Amino acid sequence: LLTRPAAGILFVTMCGAVYFHLASTGLQGFPFGHVDNYSYNFEEPVLYAFIFLLFFFNGAGPVSLDALIYSKIGKEDDA
């Protein structure tokens, strides 16, 4: 339930995490830099931000409680 608002809040949180990592370590030579742990610090928050953005625009999907509730509401409106 409330997939889109939750995804929006988490997207904003991940944008804050990306900003935090970029402000503290910079781009670390992105895209051609060699970093110690073979991963840029901002790489994971960016990935999660895009995933949450996907959920924000697409919603929970057809096999979810949201879809079940909205289908029941839609049937009541048609009657």
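Residues numbered from 1 in each chain as written. Predicted model: local features only at pLDDT ≥ 70, side-chain atom pairs only at ≥ 80, totals over all residues. Heavy atoms only, no water.

Participant: What is the right way to look at the overall build of the chain in this model?
Facilitator: In terms of regular secondary structure, the chain is built from 3 helices and 0 strands. Mapped from its N terminus to its C terminus, the chain presents α and β elements in the order α-α-α. The buried share among the 79 residues of the chain stands at 18%. Once local pairs closer than 6 in sequence are excluded, the contacts in the chain between residues at least 24 apart make up 60%. Carbon and sulfur atoms provide 69% of the accessible area of the chain, an area that totals close to 6200 Å². (Helix = DSSP H or I, 4+ residues; strand = E, 2+ residues; numbered from the N terminus. Buried < 20%, exposed > 50% of the residue type's maximum accessible area, 1.4 Å probe, protein only. Contact = heavy atoms within 4.5 Å. Areas by Shrake-Rupley, 256 points an atom, 1.4 Å probe, with all protein chains shown as cover.)

Participant: Please explain the layout of surface pockets as it appears in this structure.
Facilitator: A water-sized probe, rolled over the atoms, reveals where empty space remains. Here the largest pocket defines a volume of roughly 190 Å³. Lining the largest pocket are 13 residues, with Leu 2, Thr 3, Arg 4, Asp 66 and Tyr 70 sitting closest to its centre. For the lining of the largest pocket, the secondary-structure elements that each account for two or more residues are helix H1 (3–25) and helix H3 (65–78). The greatest single-element share of the lining of the largest pocket, amounting to 4 residues, is contributed by H3. (1 Å grid on protein atoms, 1.4 Å probe; cavity = no way out; pocket = protein on both sides within 12 Å on 5 of 7 lines; lining within 4 Å. Points joined across faces, edges and corners; volume = space filled by probe spheres on them.)

Participant: Whenever I open this one, H1 confuses me. Can you help?
Facilitator: What sets the pattern is the α-helix's 3.6 residues per turn: residues three or four places apart point alike. Taking 1.5 Å of rise per residue, the 23 residues of H1 would be expected to cover 33 Å, and the 32 Å separating its terminal C-alpha atoms lies within 8% of that figure. Every buried residue of H1 is accounted for by Thr 3, Ala 7, Gly 8, Met 14 and Val 18. With its phi angle positive at about 75°, Gly 26 sits one or two positions after the end of H1. (Expected span 1.5 Å × (residues − 1).)

Participant: Help me out: how do you make sense of the packing of aromatic side chains in this one?
Facilitator: Each aromatic ring pair is summarised here by two numbers: the centre-to-centre distance and the angle between the ring planes. Within the structure shown, the criterion is met by 2 aromatic pairs. On the basis of an interplanar angle of 75° and a centroid distance of 5.4 Å, the ring pair of Phe 56 and Phe 57 is categorised as edge-to-face. (Phe/Tyr/Trp six-rings, centres within 6.5 Å; stacked < 30°, edge-to-face > 60°.)

Participant: Where do I start with a nonpolar patch on the surface in this structure?
Facilitator: Together, Leu 1, Leu 2, Leu 65, Leu 68, Ile 69, Tyr 70 and Ile 73 give the surface a local cluster of nonpolar side chains, amounting to about 770 Å² of exposed area. Relative to the helices and strands, Ile 73 resides in helix H3. The partly exposed category is assigned to Ile 73, whose relative accessible area is 40%. (Patch = residues over 30% accessible without salt bridge, like charges linked within 9 Å, V, L, I, M, F, W, Y side chains within 5 Å. Salt bridge = Lys/Arg side-chain N within 4 Å of Asp/Glu carboxyl O.)

Participant: Even after reading the chapter, I still don't get the environment of Ile 51, so can you show me in this structure?
Facilitator: Relative to the helices and strands, Ile 51 is located in helix H2 (residues 43–58). Residues Ile 51 and Leu 10, 41 residues apart in the sequence, show an inter-C-alpha distance of 9.8 Å.

Participant: Help me understand H2, please; the structure alone is not making it clear to me.
Facilitator: Under the 1.5 Å per step criterion, the end-to-end length of H2 is 23 Å for 16 residues, consistent within 8% with the ideal 22 Å. Residues Pro 45, Ala 49 and Phe 52 constitute the buried set of H2. On an axial view of H2, the arc spanned by its buried residues comes to 70°, and they lie on one face. For H2, the exposed residues lying more than 90 degrees away from the buried face are Glu 44, Phe 50, Phe 57 and Asn 58. Looking one or two residues past H2, Gly 59 carries a phi angle of roughly 80°, positive in sign. (Arc of directions from axis to C-beta.)

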